[in-house]
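Okay, here's what each chain looks like letter by letter:
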Amino acid sequence: MASNKILVIDDTTVVRVKVREMLPPGNFEVLEAKDGVEGLNFILQEKLSLIMLDFLLPKMSGWEVFQKVQADPELRKIPLVIMSGRKEEVTEKITEPFEYFEFLGKPFDQKQLIGAIKLAMAKAKQPRPELVAVGAGVTVKNGTSSTSSVANSTVVAPSVVIPSVATPSTGGVSEAEINALNEKIVKMQAEIDGLKKQLTQVVTFIKQKIK
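Only a predicted model underlies this, so the values are computations on that prediction, with no experimental measurement involved. Along each chain, residues carry numbers from 1 onward, in the same order as the chain's sequence is written. Local features are withheld for residues below a pLDDT of 70 in this predicted model, meaning they are given only at 70 or higher, and side-chain atom pairs are given and counted only at 80 or more; totals for whole chains, interfaces and linings count all residues. With hydrogens and water set aside, each side-chain value is computed from the structure's full complement of heavy atoms.

K.L.:
Any chance you could explain the packing of aromatic side chains here in plain terms?
P.N.:
The relation between two aromatic rings is expressed through the spacing of the ring centres and the mutual angle of the planes. Each Phe, Tyr or Trp ring, with Trp reduced to its six-membered ring, pairs with another whose centre is within 6.5 Å; inter-plane angles below 30 degrees give stacked pairs, above 60 give edge-to-face pairs, and intermediate values give tilted ones. For the coordinates displayed, the defined rule picks out 5 aromatic pairs. Measuring from ring centre to ring centre gives 5.4 Å for Phe66 and Phe101, while their planes differ by 70°; the resulting arrangement is edge-to-face. One end of the pair, Phe66, is in helix α3 (residues 62-70); the other, Phe101, is in the loop between α4 (87-91) and β5 (102-105), with 35 residues separating them in the sequence. For the pair shown, Phe66 and Phe101 are each scored as buried. Taken together, Phe55, Trp63, Phe66, Phe98, Phe101 and Phe103 form an aromatic cluster joined through their ring pairs. A cation sits over an aromatic face here: Lys18 above Phe108, 4.8 Å from the ring centre. Runs of E in the DSSP output that reach at least two residues are strands. Runs of H or I that reach at least four are helices, and both are numbered from the N terminus. The classification of residues rests on relative accessible area computed with a 1.4 Å probe and restricted to protein chains. Under 20% of the type maximum is buried, over 50% is exposed, and intermediate values are partly exposed. Distance and angle both matter: a charge sits over a ring if NZ of Lys or CZ of Arg is within 6 Å of the ring centre and within 35 degrees of the ring normal.

K.L.:
Is there a simple way to explain the sheet that holds strand β1 (residues 4-9) in this structure?
P.N.:
Two orientations exist for strands paired in a sheet by backbone hydrogen bonds: parallel and antiparallel. Two strands pair under a simple rule: DSSP has to find at least two bridges between them. What the 5 strands build is an open sheet, ordered β2-β1-β3-β4-β5; its pairing is parallel. Edge strands, defined here as strands with exactly one partner in the open sheet, are β2 (28-33) and β5. When the angles between neighbouring strand axes are averaged without regard to direction, this sheet yields 20°. Looking at chain direction, strand β4 (residues 80-84) and β5 are connected through 4 bridges and run parallel. Counterpart to Met83 in the pairing with β5 is Leu104. We call two residues in contact whenever any of their non-hydrogen atoms come within 4.5 Å of each other. For helices, the fitted axis covers only the stretch in contact; all axes are lines through C-alpha atoms, and the angles between them, taken along N-to-C directions, range from 0 to 180 degrees. Here α3 sits on the sheet in contact with β3 (50-54) and β4, set at roughly 150° to β3. Lying on the sheet, helix α5 (residues 110-124) is in contact with β3, β4 and β5; it crosses β5 at an angle near 165°.

K.L.:
Sorry, what's going on with the nonpolar core here?
P.N.:
Side chains of nonpolar character tend, in soluble globular proteins, to be buried together. Among buried residues, those of type Ala, Val, Leu, Ile, Met, Phe, Trp, Tyr and Cys that are joined through side-chain atoms within 4.5 Å constitute a nonpolar core. In this structure, Ile9, Ile43, Ile51, Leu53, Phe66, Ile82 and Ile94 are the most contacted members of the largest nonpolar core, which totals 25 residues. Counting residues per element, the ones that place at least two in this core are β1, β2, α2 (36-45), β3, α3 and β4. Not counting chain neighbours up to four residues away, the residues in contact with Leu53 comprise Ile9, Gly62, Val65, Phe66, Leu80, Val81, Ile82 and Met83. Of all hydrophobic cores here, the second largest spans 17 residues; its members include Ile6, Val8, Val15 and Met52.

Everything listed here is a matter of geometry and, on its own, says nothing about what the molecule does.
Right, here's the structure in full:
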């Protein structure tokens, strides 16, 4: 009987099979879930050594599964690899650097898969701050109480995105939120610059064709 269980949550059969085939032979069992609800049930019922989570899933999104896992003191200790074909989908919700989980872009090869798993294992061992009260009267104490509070994304974000910043004792905007906004502004500016460059190239191309 396998001593380690790896859970692959992805709505695409090809990806689940690909992960299974790319994993080197070892004393582990690969579990598969095709949607977020099925995946979360596995997470709650099985003793897992690794979770590979697609960010876009039916029934319950990978983001929702991620929040529920991070809101539980025990579940968030499980090494986690988040998969997505578009990294910006993840960074819109979770600000880099990804300190406690690893990101794996799709498509990926065996080397990238093994590397992501190793990094996820290492990151999961890092000490993490205790879950604390966030916002007005919302406290995440354990897995059972997290369900009602996890709808507000700010419940998990302080401990996942920037754990070194303490929750402000007074109202107002925290340093973590300011940093996140600044990063979004920088990213938007970079996208605008890229669009300008593309527009310039299109105009140049049209002019050449006209000549």
